[in-house]
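Summary of structural features
The primary structure of each chain is shown beneath.
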Amino acid sequence: MEFVRELSDELRDLLSSNSSEDARLVQKGLMLYRQGMVQQLQVEKNGITAVVQDVMPAKVLLDPEFLGLSECSCPSDELCRHQMAVFFAAYAQVGSVSDWVTEWREPAREAKSVVAWGIQKAKDLVKANGLLKPDYRRWVDSFEKSFEALLGEKKHKNPFVVTELFGIYRRRLQASAPVEQEWRLLYELVSVVVSFRMLAELSERMGHTEDAVRRSYGHLFEAMVDEADELVEKIGMQTLPFDFDEFVVGLRDDTFELLTVVNGLEQARIALYRLLWNGLFRKTSWREAELEKVRDRTKSVQDDENPLPLVAAEIHLCVLLGEDEKAFAKVDLVRDEVIVPFMLYWIEYLSVLKAWKRAGRWIDEFLQKLKEYLESNESYGGFHGRSGFVRTMLRAIMPYVAENGRADVYERALLSSLPYSYAEYEYMLFERSMYDRWGELQAFLGMEFQDLPKDRVKVVEKERPEVLLGMLHQAVQREIDQKNRGSYRMAVRHLKKLRTLYKKLKRVEDWEYFLEGLLERTKRLRAFHEECTRGKLIAEKVE
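If you're wondering where the values come from, they're calculated on a predicted model, not measured in any experiment.

Taken together, Glu222, Asp226, Asp229, Glu230 and Glu233 make up a surface patch of like negative charges. With respect to the secondary-structure elements, Glu233 resides in helix α9 (residues 218-236).

What follows is the structure in C-alpha coordinates.
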(Lines give C-alpha, C1' and ligand atoms only; values in the text may rest on other atoms or scores of the structure.)
Protein backbone atom coordinates (compact mmCIF):
# COMPACT_ATOMS: atom_id res chain seq x y z
CA MET A 1 0.00 0.00 0.00
CA GLU A 2 2.46 2.58 -1.26
CA PHE A 3 -0.23 5.28 -1.28
CA VAL A 4 -0.41 5.09 2.54
CA ARG A 5 3.35 5.71 2.75
CA GLU A 6 3.02 8.66 0.36
CA LEU A 7 0.25 10.07 2.55
CA SER A 8 2.56 9.58 5.52
CA ASP A 9 5.28 11.66 3.83
CA GLU A 10 2.80 14.40 2.95
CA LEU A 11 1.58 14.65 6.55
CA ARG A 12 5.15 14.67 7.84
CA ASP A 13 5.92 17.61 5.56
CA LEU A 14 2.66 19.41 6.37
CA LEU A 15 2.89 19.19 10.16
CA SER A 16 5.74 20.83 12.02
CA SER A 17 6.92 19.30 15.28
CA ASN A 18 8.07 22.77 16.30
CA SER A 19 4.47 24.01 16.18
CA SER A 20 2.57 23.59 19.45
CA GLU A 21 -0.71 23.51 17.52
CA ASP A 22 0.45 20.72 15.22
CA ALA A 23 1.92 18.83 18.17
CA ARG A 24 -1.45 18.93 19.97
CA LEU A 25 -3.22 17.76 16.81
CA VAL A 26 -0.91 14.76 16.43
CA GLN A 27 -1.20 13.94 20.14
CA LYS A 28 -5.02 14.02 20.10
CA GLY A 29 -5.20 11.88 16.98
CA LEU A 30 -2.72 9.41 18.46
CA MET A 31 -4.77 9.17 21.64
CA LEU A 32 -7.99 8.40 19.76
CA TYR A 33 -6.19 5.74 17.72
CA ARG A 34 -4.57 4.10 20.75
CA GLN A 35 -7.89 4.07 22.62
CA GLY A 36 -9.36 2.01 19.80
CA MET A 37 -11.82 4.69 18.72
CA VAL A 38 -11.24 4.12 14.99
CA GLN A 39 -13.84 1.68 13.65
CA GLN A 40 -15.08 0.41 10.27
CA LEU A 41 -11.70 1.20 8.68
CA GLN A 42 -11.52 0.72 4.91
CA VAL A 43 -8.13 1.35 3.27
CA GLU A 44 -8.32 1.78 -0.50
CA LYS A 45 -6.26 3.78 -2.96
CA ASN A 46 -9.14 6.07 -3.90
CA GLY A 47 -10.01 6.82 -0.26
CA ILE A 48 -9.48 5.75 3.35
CA THR A 49 -12.74 5.75 5.32
CA ALA A 50 -13.60 5.11 8.97
CA VAL A 51 -15.82 6.18 11.85
CA VAL A 52 -14.12 7.71 14.91
CA GLN A 53 -16.05 7.27 18.17
CA ASP A 54 -15.36 10.63 19.79
CA VAL A 55 -17.81 12.66 21.91
CA MET A 56 -19.91 12.54 18.75
CA PRO A 57 -19.13 9.87 16.12
CA ALA A 58 -17.20 11.39 13.21
CA LYS A 59 -17.25 9.99 9.69
CA VAL A 60 -13.87 10.46 8.01
CA LEU A 61 -12.71 10.24 4.40
CA LEU A 62 -8.97 10.65 3.76
CA ASP A 63 -7.99 11.31 0.16
CA PRO A 64 -4.46 9.84 -0.25
CA GLU A 65 -3.86 11.67 -3.53
CA PHE A 66 -5.21 15.11 -2.57
CA LEU A 67 -5.10 15.50 1.20
CA GLY A 68 -6.89 18.83 0.96
CA LEU A 69 -10.00 17.05 -0.38
CA SER A 70 -10.29 14.90 2.74
CA GLU A 71 -13.52 15.19 4.71
CA CYS A 72 -14.75 14.81 8.28
CA SER A 73 -18.28 15.21 9.61
CA CYS A 74 -17.00 17.17 12.63
CA PRO A 75 -17.26 21.01 12.58
CA SER A 76 -13.57 21.54 11.75
CA ASP A 77 -12.80 22.81 8.23
CA GLU A 78 -9.12 21.85 8.45
CA LEU A 79 -7.08 18.76 9.24
CA CYS A 80 -8.56 17.46 12.51
CA ARG A 81 -7.82 14.91 15.24
CA HIS A 82 -10.29 12.45 13.70
CA GLN A 83 -8.44 12.47 10.37
CA MET A 84 -5.14 11.99 12.18
CA ALA A 85 -6.59 9.04 14.13
CA VAL A 86 -7.75 7.40 10.88
CA PHE A 87 -4.34 8.02 9.33
CA PHE A 88 -2.61 6.28 12.25
CA ALA A 89 -5.01 3.34 11.95
CA ALA A 90 -4.23 3.03 8.22
CA TYR A 91 -0.50 3.51 8.71
CA ALA A 92 -0.44 0.70 11.29
CA GLN A 93 -1.03 -1.69 8.38
CA VAL A 94 2.24 -0.72 6.67
CA GLY A 95 4.54 0.41 9.49
CA SER A 96 5.03 1.29 13.13
CA VAL A 97 2.95 4.22 14.33
CA SER A 98 5.34 4.74 17.24
CA ASP A 99 8.29 4.98 14.85
CA TRP A 100 6.40 7.48 12.69
CA VAL A 101 5.66 9.71 15.67
CA THR A 102 9.24 9.43 16.94
CA GLU A 103 10.68 10.35 13.56
CA TRP A 104 8.23 13.24 13.22
CA ARG A 105 9.19 14.61 16.65
CA GLU A 106 12.93 14.17 16.03
CA PRO A 107 13.62 17.56 14.34
CA ALA A 108 12.22 19.52 17.31
CA ARG A 109 13.99 17.45 19.96
CA GLU A 110 17.31 17.44 18.16
CA ALA A 111 17.13 21.14 17.36
CA LYS A 112 16.90 22.07 21.05
CA SER A 113 20.03 20.16 21.99
CA VAL A 114 21.86 21.27 18.86
CA VAL A 115 21.36 24.98 19.47
CA ALA A 116 22.90 24.95 22.94
CA TRP A 117 25.80 22.73 21.91
CA GLY A 118 26.44 24.44 18.57
CA ILE A 119 26.49 28.01 19.84
CA GLN A 120 29.03 27.15 22.51
CA LYS A 121 31.19 25.36 19.97
CA ALA A 122 31.06 28.28 17.58
CA LYS A 123 32.03 30.64 20.40
CA ASP A 124 35.10 28.56 21.18
CA LEU A 125 36.14 28.52 17.54
CA VAL A 126 35.90 32.28 17.23
CA LYS A 127 38.17 32.64 20.25
CA ALA A 128 40.65 30.15 18.81
CA ASN A 129 40.86 31.61 15.32
CA GLY A 130 40.14 35.29 15.84
CA LEU A 131 39.60 37.52 12.84
CA LEU A 132 41.47 36.02 9.90
CA LYS A 133 43.92 38.04 7.85
CA PRO A 134 43.62 37.81 4.06
CA ASP A 135 45.24 34.47 3.33
CA TYR A 136 43.43 32.09 0.98
CA ARG A 137 44.72 28.79 2.31
CA ARG A 138 44.25 29.88 5.91
CA TRP A 139 40.67 30.84 5.07
CA VAL A 140 39.95 27.43 3.60
CA ASP A 141 41.60 25.57 6.48
CA SER A 142 39.58 27.59 8.97
CA PHE A 143 36.31 26.91 7.12
CA GLU A 144 37.04 23.19 7.01
CA LYS A 145 37.99 22.98 10.69
CA SER A 146 34.92 24.95 11.74
CA PHE A 147 32.69 22.73 9.63
CA GLU A 148 34.14 19.54 11.06
CA ALA A 149 33.86 20.86 14.62
CA LEU A 150 30.23 21.87 14.23
CA LEU A 151 28.87 19.23 11.84
CA GLY A 152 31.45 16.51 11.28
CA GLU A 153 32.70 15.50 14.71
CA LYS A 154 29.29 14.92 16.23
CA LYS A 155 28.36 12.64 13.29
CA HIS A 156 24.65 13.34 13.32
CA LYS A 157 22.69 10.74 11.40
CA ASN A 158 19.41 12.68 11.48
CA PRO A 159 19.23 14.95 8.40
CA PHE A 160 16.86 17.38 10.13
CA VAL A 161 19.69 18.47 12.45
CA VAL A 162 21.83 19.71 9.58
CA THR A 163 20.01 22.98 8.86
CA GLU A 164 20.34 24.21 12.44
CA LEU A 165 24.01 23.28 12.74
CA PHE A 166 24.84 24.67 9.32
CA GLY A 167 23.24 27.98 10.23
CA ILE A 168 25.43 28.19 13.33
CA TYR A 169 28.50 27.34 11.24
CA ARG A 170 27.77 30.06 8.66
CA ARG A 171 27.17 32.67 11.35
CA ARG A 172 30.53 31.72 12.85
CA LEU A 173 32.24 32.36 9.50
CA GLN A 174 30.54 35.72 9.08
CA ALA A 175 31.78 36.78 12.51
CA SER A 176 35.37 36.19 11.34
CA ALA A 177 35.04 37.99 7.99
CA PRO A 178 37.46 40.81 7.06
CA VAL A 179 36.24 44.33 7.69
CA GLU A 180 37.25 45.72 4.27
CA GLN A 181 34.32 45.45 1.83
CA GLU A 182 36.30 44.10 -1.15
CA TRP A 183 37.99 41.41 0.95
CA ARG A 184 34.75 40.58 2.71
CA LEU A 185 32.98 39.80 -0.58
CA LEU A 186 35.75 37.47 -1.72
CA TYR A 187 35.91 35.86 1.74
CA GLU A 188 32.16 35.16 1.62
CA LEU A 189 32.41 33.70 -1.88
CA VAL A 190 35.22 31.35 -0.86
CA SER A 191 33.21 30.34 2.20
CA VAL A 192 30.21 29.50 0.00
CA VAL A 193 32.23 27.24 -2.30
CA VAL A 194 34.01 25.46 0.55
CA SER A 195 30.80 25.13 2.57
CA PHE A 196 28.93 23.76 -0.43
CA ARG A 197 31.61 21.13 -1.02
CA MET A 198 31.82 20.07 2.61
CA LEU A 199 28.06 19.87 3.04
CA ALA A 200 27.87 17.68 -0.06
CA GLU A 201 30.60 15.43 1.35
CA LEU A 202 28.79 15.24 4.70
CA SER A 203 25.57 14.27 2.95
CA GLU A 204 27.26 11.31 1.26
CA ARG A 205 29.26 10.36 4.36
CA MET A 206 26.14 10.24 6.52
CA GLY A 207 24.34 8.11 3.94
CA HIS A 208 21.46 10.58 3.58
CA THR A 209 19.21 9.59 0.68
CA GLU A 210 18.31 12.06 -2.06
CA ASP A 211 14.75 12.26 -0.73
CA ALA A 212 15.95 12.86 2.85
CA VAL A 213 18.24 15.67 1.68
CA ARG A 214 15.46 17.26 -0.35
CA ARG A 215 13.06 17.26 2.59
CA SER A 216 15.48 18.38 5.28
CA TYR A 217 18.32 20.58 4.00
CA GLY A 218 18.29 20.54 0.20
CA HIS A 219 17.30 24.21 0.26
CA LEU A 220 20.75 25.04 1.69
CA PHE A 221 22.46 24.09 -1.58
CA GLU A 222 20.02 26.19 -3.62
CA ALA A 223 20.53 29.14 -1.27
CA MET A 224 24.32 28.90 -1.61
CA VAL A 225 24.11 28.93 -5.42
CA ASP A 226 21.94 32.06 -5.25
CA GLU A 227 24.32 33.67 -2.76
CA ALA A 228 27.34 32.91 -4.93
CA ASP A 229 25.57 34.40 -7.95
CA GLU A 230 24.99 37.67 -6.08
CA LEU A 231 28.56 37.77 -4.76
CA VAL A 232 30.10 37.17 -8.20
CA GLU A 233 28.01 40.01 -9.60
CA LYS A 234 29.09 42.39 -6.80
CA ILE A 235 32.75 41.42 -7.14
CA GLY A 236 32.55 41.98 -10.89
CA MET A 237 31.34 45.54 -10.36
CA GLN A 238 34.43 46.63 -8.42
CA THR A 239 38.09 47.06 -9.31
CA LEU A 240 39.99 44.16 -7.82
CA PRO A 241 43.28 44.82 -5.99
CA PHE A 242 46.37 43.09 -7.36
CA ASP A 243 46.52 40.99 -4.18
CA PHE A 244 43.27 39.29 -5.24
CA ASP A 245 45.02 37.24 -7.93
CA GLU A 246 46.28 34.61 -5.50
CA PHE A 247 42.80 34.19 -4.04
CA VAL A 248 41.03 33.97 -7.38
CA VAL A 249 43.54 31.38 -8.61
CA GLY A 250 43.08 29.35 -5.42
CA LEU A 251 39.30 29.48 -5.76
CA ARG A 252 39.57 28.58 -9.44
CA ASP A 253 41.57 25.44 -8.64
CA ASP A 254 39.26 24.41 -5.79
CA THR A 255 36.16 24.94 -7.92
CA PHE A 256 37.12 21.89 -9.99
CA GLU A 257 36.29 19.69 -7.00
CA LEU A 258 32.60 20.56 -7.42
CA LEU A 259 32.55 18.28 -10.46
CA THR A 260 33.67 15.15 -8.63
CA VAL A 261 33.08 15.65 -4.90
CA VAL A 262 29.99 13.39 -4.75
CA ASN A 263 27.70 11.56 -7.16
CA GLY A 264 24.44 13.33 -6.32
CA LEU A 265 23.36 16.99 -6.23
CA GLU A 266 24.49 17.37 -9.84
CA GLN A 267 22.06 20.18 -10.67
CA ALA A 268 23.32 22.43 -7.87
CA ARG A 269 26.98 21.48 -8.41
CA ILE A 270 26.82 22.27 -12.12
CA ALA A 271 25.01 25.56 -11.46
CA LEU A 272 27.66 26.73 -8.98
CA TYR A 273 30.57 25.67 -11.22
CA ARG A 274 28.97 27.30 -14.23
CA LEU A 275 28.32 30.70 -12.68
CA LEU A 276 31.88 30.90 -11.26
CA TRP A 277 33.46 30.23 -14.62
CA ASN A 278 31.00 32.52 -16.34
CA GLY A 279 31.36 35.53 -14.03
CA LEU A 280 34.71 35.29 -12.23
CA PHE A 281 37.25 33.19 -14.13
CA ARG A 282 37.23 35.14 -17.37
CA LYS A 283 40.76 34.71 -18.76
CA THR A 284 40.79 32.75 -22.00
CA SER A 285 43.97 30.90 -21.00
CA TRP A 286 42.31 29.77 -17.75
CA ARG A 287 39.28 28.46 -19.59
CA GLU A 288 41.39 26.62 -22.14
CA ALA A 289 43.47 25.00 -19.41
CA GLU A 290 40.34 24.08 -17.46
CA LEU A 291 38.81 22.49 -20.56
CA GLU A 292 41.82 20.23 -20.97
CA LYS A 293 41.72 19.38 -17.28
CA VAL A 294 38.04 18.42 -17.51
CA ARG A 295 38.65 16.30 -20.61
CA ASP A 296 41.54 14.47 -18.95
CA ARG A 297 39.44 13.76 -15.85
CA THR A 298 36.54 12.55 -17.99
CA LYS A 299 38.78 9.87 -19.51
CA SER A 300 39.33 8.34 -16.07
CA VAL A 301 35.70 8.29 -14.91
CA GLN A 302 34.92 5.07 -13.05
CA ASP A 303 31.79 2.97 -13.55
CA ASP A 304 30.35 4.08 -10.21
CA GLU A 305 30.92 7.80 -10.90
CA ASN A 306 28.36 10.26 -12.21
CA PRO A 307 29.93 11.79 -15.37
CA LEU A 308 27.21 14.39 -15.97
CA PRO A 309 28.89 17.31 -14.13
CA LEU A 310 32.10 16.76 -16.09
CA VAL A 311 30.21 16.60 -19.39
CA ALA A 312 28.21 19.75 -18.56
CA ALA A 313 31.43 21.53 -17.56
CA GLU A 314 33.08 20.63 -20.86
CA ILE A 315 30.08 21.92 -22.83
CA HIS A 316 29.98 25.11 -20.78
CA LEU A 317 33.67 25.84 -21.28
CA CYS A 318 33.30 25.24 -25.03
CA VAL A 319 30.44 27.76 -25.09
CA LEU A 320 32.52 30.31 -23.17
CA LEU A 321 35.35 29.81 -25.66
CA GLY A 322 33.00 30.14 -28.65
CA GLU A 323 33.50 26.51 -29.72
CA ASP A 324 29.83 25.70 -30.30
CA GLU A 325 30.38 22.83 -32.74
CA LYS A 326 32.45 20.97 -30.15
CA ALA A 327 29.77 21.71 -27.58
CA PHE A 328 27.03 20.31 -29.84
CA ALA A 329 29.06 17.16 -30.44
CA LYS A 330 29.18 16.62 -26.69
CA VAL A 331 25.49 17.47 -26.26
CA ASP A 332 24.56 14.74 -28.75
CA LEU A 333 26.31 12.14 -26.61
CA VAL A 334 23.94 12.80 -23.69
CA ARG A 335 20.35 11.57 -23.57
CA ASP A 336 17.85 14.30 -24.46
CA GLU A 337 15.92 13.90 -21.23
CA VAL A 338 19.11 14.69 -19.29
CA ILE A 339 20.75 17.50 -21.27
CA VAL A 340 17.73 19.52 -22.42
CA PRO A 341 17.20 21.51 -19.16
CA PHE A 342 20.86 22.56 -19.16
CA MET A 343 20.62 23.90 -22.71
CA LEU A 344 18.32 26.70 -21.58
CA TYR A 345 21.16 28.26 -19.61
CA TRP A 346 23.40 28.52 -22.67
CA ILE A 347 20.56 29.99 -24.72
CA GLU A 348 20.04 32.66 -22.05
CA TYR A 349 23.79 33.29 -21.76
CA LEU A 350 24.17 33.91 -25.49
CA SER A 351 21.05 36.09 -25.51
CA VAL A 352 22.56 38.31 -22.82
CA LEU A 353 25.67 38.65 -25.01
CA LYS A 354 23.37 39.42 -27.97
CA ALA A 355 25.19 36.69 -29.89
CA TRP A 356 22.02 36.11 -31.87
CA LYS A 357 23.44 33.84 -34.55
CA ARG A 358 24.86 31.48 -31.94
CA ALA A 359 21.71 31.70 -29.82
CA GLY A 360 19.59 30.78 -32.86
CA ARG A 361 21.67 27.66 -33.47
CA TRP A 362 21.32 26.60 -29.82
CA ILE A 363 17.57 27.17 -29.93
CA ASP A 364 17.34 25.03 -33.07
CA GLU A 365 19.27 22.20 -31.40
CA PHE A 366 17.13 22.58 -28.28
CA LEU A 367 13.82 22.38 -30.14
CA GLN A 368 14.92 19.21 -31.93
CA LYS A 369 15.26 17.53 -28.54
CA LEU A 370 12.38 19.16 -26.69
CA LYS A 371 9.52 16.84 -27.60
CA GLU A 372 11.38 13.70 -26.59
CA TYR A 373 12.36 15.35 -23.33
CA LEU A 374 8.76 16.27 -22.49
CA GLU A 375 7.62 12.73 -23.25
CA SER A 376 10.29 11.12 -21.07
CA ASN A 377 9.82 9.94 -17.51
CA GLU A 378 12.76 12.05 -16.36
CA SER A 379 11.28 15.40 -17.33
CA TYR A 380 9.51 17.68 -14.87
CA GLY A 381 6.89 15.64 -13.04
CA GLY A 382 3.25 15.77 -14.05
CA PHE A 383 1.36 17.98 -16.45
CA HIS A 384 1.77 21.13 -14.37
CA GLY A 385 5.51 20.56 -13.97
CA ARG A 386 6.01 20.15 -17.70
CA SER A 387 3.82 23.18 -18.39
CA GLY A 388 6.00 25.19 -16.01
CA PHE A 389 9.13 24.06 -17.84
CA VAL A 390 7.58 25.11 -21.16
CA ARG A 391 6.86 28.59 -19.78
CA THR A 392 10.48 28.84 -18.64
CA MET A 393 11.62 27.77 -22.10
CA LEU A 394 9.44 30.36 -23.84
CA ARG A 395 10.86 33.13 -21.64
CA ALA A 396 14.39 31.96 -22.50
CA ILE A 397 13.90 32.12 -26.27
CA MET A 398 11.75 35.27 -26.32
CA PRO A 399 14.69 37.75 -26.49
CA TYR A 400 15.98 36.01 -29.63
CA VAL A 401 12.49 35.88 -31.16
CA ALA A 402 11.77 39.55 -30.43
CA GLU A 403 15.17 40.88 -31.49
CA ASN A 404 15.27 38.92 -34.75
CA GLY A 405 11.59 38.95 -35.70
CA ARG A 406 11.46 35.15 -35.61
CA ALA A 407 7.82 34.49 -34.78
CA ASP A 408 8.21 31.22 -36.68
CA VAL A 409 10.69 30.00 -34.05
CA TYR A 410 8.27 30.88 -31.27
CA GLU A 411 5.45 28.98 -32.98
CA ARG A 412 7.72 26.01 -33.60
CA ALA A 413 8.51 25.95 -29.88
CA LEU A 414 4.79 26.01 -29.08
CA LEU A 415 4.04 23.19 -31.51
CA SER A 416 6.89 21.07 -30.14
CA SER A 417 5.55 21.56 -26.61
CA LEU A 418 1.90 20.59 -27.10
CA PRO A 419 -0.19 19.87 -25.11
CA TYR A 420 1.82 21.64 -22.37
CA SER A 421 1.94 24.88 -24.37
CA TYR A 422 -1.79 24.90 -25.13
CA ALA A 423 -2.59 28.09 -23.18
CA GLU A 424 0.22 30.09 -24.80
CA TYR A 425 -0.41 28.73 -28.32
CA GLU A 426 -4.18 29.25 -28.11
CA TYR A 427 -3.64 32.84 -26.96
CA MET A 428 -1.17 33.57 -29.77
CA LEU A 429 -3.44 32.20 -32.52
CA PHE A 430 -6.47 34.04 -31.23
CA GLU A 431 -4.69 37.37 -30.77
CA ARG A 432 -3.37 37.14 -34.33
CA SER A 433 -6.89 36.36 -35.63
CA MET A 434 -5.65 33.02 -36.97
CA TYR A 435 -9.05 31.47 -36.34
CA ASP A 436 -8.63 28.51 -38.70
CA ARG A 437 -5.48 27.44 -36.88
CA TRP A 438 -7.20 28.17 -33.56
CA GLY A 439 -9.99 25.76 -34.46
CA GLU A 440 -7.51 23.12 -35.65
CA LEU A 441 -5.71 23.35 -32.31
CA GLN A 442 -8.92 22.71 -30.36
CA ALA A 443 -9.77 19.74 -32.57
CA PHE A 444 -6.25 18.33 -32.39
CA LEU A 445 -6.32 18.32 -28.61
CA GLY A 446 -9.88 17.02 -28.46
CA MET A 447 -11.19 20.05 -26.57
CA GLU A 448 -14.89 19.90 -25.72
CA PHE A 449 -16.85 22.63 -27.48
CA GLN A 450 -18.83 23.50 -24.36
CA ASP A 451 -15.57 24.02 -22.42
CA LEU A 452 -14.17 26.65 -24.78
CA PRO A 453 -14.17 30.24 -23.47
CA LYS A 454 -17.52 31.75 -24.45
CA ASP A 455 -15.99 35.12 -25.28
CA ARG A 456 -13.61 33.44 -27.73
CA VAL A 457 -16.44 31.45 -29.35
CA LYS A 458 -18.52 34.61 -29.84
CA VAL A 459 -15.68 36.35 -31.65
CA VAL A 460 -14.98 33.35 -33.92
CA GLU A 461 -18.69 32.93 -34.61
CA LYS A 462 -18.83 36.54 -35.77
CA GLU A 463 -15.57 36.61 -37.76
CA ARG A 464 -15.21 33.04 -39.09
CA PRO A 465 -18.32 30.98 -38.23
CA GLU A 466 -17.24 28.14 -40.53
CA VAL A 467 -14.36 27.41 -38.12
CA LEU A 468 -16.88 26.21 -35.55
CA LEU A 469 -18.69 23.82 -37.90
CA GLY A 470 -16.13 21.03 -37.72
CA MET A 471 -15.81 21.38 -33.95
CA LEU A 472 -19.56 21.17 -33.48
CA HIS A 473 -19.86 18.16 -35.78
CA GLN A 474 -17.27 16.34 -33.68
CA ALA A 475 -18.97 17.42 -30.46
CA VAL A 476 -22.35 16.08 -31.67
CA GLN A 477 -20.89 12.71 -32.59
CA ARG A 478 -19.01 12.39 -29.27
CA GLU A 479 -22.19 13.05 -27.31
CA ILE A 480 -24.27 10.57 -29.36
CA ASP A 481 -21.59 7.89 -28.94
CA GLN A 482 -22.01 8.05 -25.15
CA LYS A 483 -25.60 6.73 -25.57
CA ASN A 484 -27.27 8.18 -22.52
CA ARG A 485 -30.10 10.65 -22.08
CA GLY A 486 -27.89 13.46 -20.76
CA SER A 487 -25.45 13.22 -23.66
CA TYR A 488 -28.34 13.16 -26.15
CA ARG A 489 -29.63 16.43 -24.70
CA MET A 490 -26.16 17.95 -25.06
CA ALA A 491 -25.99 16.70 -28.67
CA VAL A 492 -29.27 18.47 -29.42
CA ARG A 493 -27.87 21.71 -27.99
CA HIS A 494 -24.91 21.41 -30.31
CA LEU A 495 -27.20 20.61 -33.26
CA LYS A 496 -29.23 23.75 -32.64
CA LYS A 497 -26.03 25.75 -32.65
CA LEU A 498 -25.04 24.05 -35.90
CA ARG A 499 -28.39 24.95 -37.43
CA THR A 500 -27.86 28.61 -36.54
CA LEU A 501 -24.39 28.64 -38.08
CA TYR A 502 -25.52 26.95 -41.30
CA LYS A 503 -28.29 29.54 -41.66
CA LYS A 504 -25.84 32.34 -41.02
CA LEU A 505 -23.58 30.94 -43.75
CA LYS A 506 -26.60 30.56 -46.08
CA ARG A 507 -26.05 26.83 -46.29
CA VAL A 508 -29.49 25.64 -45.23
CA GLU A 509 -29.48 22.79 -47.77
CA ASP A 510 -26.22 21.48 -46.30
CA TRP A 511 -27.78 21.56 -42.86
CA GLU A 512 -30.89 19.67 -43.99
CA TYR A 513 -28.77 17.08 -45.78
CA PHE A 514 -26.61 16.57 -42.70
CA LEU A 515 -29.55 16.29 -40.32
CA GLU A 516 -31.37 13.86 -42.58
CA GLY A 517 -28.32 11.61 -42.76
CA LEU A 518 -27.76 11.82 -39.01
CA LEU A 519 -31.34 10.85 -38.20
CA GLU A 520 -31.11 7.94 -40.62
CA ARG A 521 -27.88 6.67 -39.03
CA THR A 522 -29.36 6.94 -35.54
CA LYS A 523 -32.87 5.67 -36.26
CA ARG A 524 -32.46 2.88 -33.68
CA LEU A 525 -31.55 5.36 -30.93
CA ARG A 526 -35.11 6.11 -29.87
CA ALA A 527 -34.08 8.25 -26.89
CA PHE A 528 -31.96 10.46 -29.11
CA HIS A 529 -34.84 10.97 -31.53
CA GLU A 530 -37.10 11.82 -28.62
CA GLU A 531 -34.67 14.54 -27.55
CA CYS A 532 -34.53 15.80 -31.15
CA THR A 533 -38.32 16.04 -31.16
CA ARG A 534 -38.32 17.77 -27.79
CA GLY A 535 -35.78 20.23 -29.18
CA LYS A 536 -37.96 20.75 -32.26
CA LEU A 537 -35.26 19.58 -34.62
CA ILE A 538 -37.30 16.82 -36.21
CA ALA A 539 -40.50 18.86 -36.26
CA GLU A 540 -38.75 21.64 -38.07
CA LYS A 541 -37.40 19.17 -40.63
CA VAL A 542 -40.90 17.79 -41.28
CA GLU A 543 -42.33 21.23 -41.93
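So much for the structure itself; the text now carries on.
With ten of eleven residues buried, helix α3 (residues 81-91) lies mostly within the body of the structure. Inspection of α3 places His82, Gln83, Met84, Ala85, Val86, Phe87, Phe88, Ala89, Ala90 and Tyr91 among the buried residues, and these make up the whole buried set.

For the rest of this paragraph, the subject is the sheet that holds strand β2 (residues 47-53). Spatially, four strands are ordered β1-β2-β3-β4 in an open sheet, and the strand pairing comes out antiparallel. Edge positions in the sheet fall to β1 (38-44) and β4 (71-72), since each has one partner strand and no second. Two strands pair when backbone bridges link them, and β2 and strand β3 (residues 57-62) are joined in this way by six bridges, in the antiparallel orientation. Looking at β3, one finds that Ala50 is bridged to Val60.

By volume, the second largest pocket amounts to about 410 Å³. Forming the boundary of the second largest pocket are 21 residues, of which Leu25, Ser76, Leu79, Cys80 and Arg81 lie nearest the centre. Of all the secondary structure elements, the ones that give two or more residues to the lining of the second largest pocket are α2 (20-34), β3 and α3. Residue contributions to the lining of the second largest pocket peak at five residues, all from α2.

For the structure shown, the criterion picks out two cavities of 30 Å³ or more. Of the volumes computed, that of the largest cavity is approximately 40 Å³. Taken together, Gln442, Ala443, Met447, Glu448, Phe449, Met471, Gln474 and Arg478 form the lining of the largest cavity. Only α20 (435-444) and α22 (466-482) provide two or more residues apiece to the lining of the largest cavity. Counting residues per element, the lining of the largest cavity draws most heavily on α22, which supplies three residues. Among the residues making up the lining of the largest cavity, the classes are represented as four nonpolar, two polar and two charged. Approximately 30 Å³ is the volume found for the second largest cavity.

By the definition in use, this model includes 38 salt bridges. Two residues, Glu148 and Arg205, come together in a salt bridge whose shortest N-O distance is 3.6 Å. Of this pair, Glu148 sits in helix α5 (residues 136-152) while Arg205 sits in helix α7 (residues 181-205), placing them 57 residues apart in sequence. A single salt-bridge network, built from bridges that share partners, covers Arg485, Arg489, Arg526, Glu530, Glu531 and Arg534.

A cis amide bond, omega 5°, links Leu418 with the succeeding residue Pro419. If you trace the backbone, Pro419 turns up in the loop between α18 (407-417) and α19 (422-431). The phi angle at Lys506 is positive, at roughly 60°, despite the residue not being glycine. On the secondary structure map, Lys506 appears in the loop between α23 (485-504) and α24 (508-521).

Parameters at a glance
- Residue numbers run consecutively from 1 along every chain, following the written order of its sequence.
- It should be noted that, the model being predicted, local features are given only for residues of pLDDT at least 70 and side-chain atom pairs only at 80 or more, the latter also being counted only at that level, while totals for whole chains, interfaces and linings use all residues.
- No hydrogens and no water enter the side-chain calculation; it runs on all heavy atoms of the structure.
- Two joining distances apply to patches: 9 Å for like charges and 5 Å for nonpolar side chains (Val, Leu, Ile, Met, Phe, Trp, Tyr), and every residue must have over 30% relative accessible area and no salt bridge.
- In this description, accessible areas are obtained by the Shrake-Rupley approach with a 1.4 Å probe, and a residue is regarded as covered only by the protein chains that are shown.
- One side-chain nitrogen of Lys or Arg within 4 Å of one carboxyl oxygen of Asp or Glu is enough to make a salt bridge.
- Residues counted as positive are Lys and Arg, residues counted as negative are Asp and Glu, and His and the chain ends are not counted.
- Positions of charges follow a simple convention, taking NZ of Lys, CZ of Arg, CG of Asp or CD of Glu.
- Secondary structure elements are defined from DSSP: runs of H or I of at least 4 residues count as helices, runs of E of at least 2 residues count as strands, and each element is numbered from the N terminus.
- Relative accessibility thresholds used throughout: buried, under 20% of the residue-type maximum; exposed, over 50%; partly exposed, between the two (1.4 Å probe, protein chains only).
- Paired strands are those between which DSSP finds at least two bridges.
- Cavities and pockets were defined on a 1 Å grid built from protein atoms only: a cavity is a group of points that admits a 1.4 Å probe but offers it no way out, a pocket is an open group of points flanked by protein on both sides within 12 Å along at least five of seven lines, and a lining residue is one with an atom within 4 Å of any such point.
- Grid points are joined across faces, edges and corners, and a volume is the space filled by probe spheres set on the points.
- In this count, Pro and Cys sit with the nonpolar residues alongside Ala, Val, Leu, Ile, Met, Phe, Trp and Tyr, while Asp, Glu, Lys and Arg are called charged and the others, Gly among them, polar.

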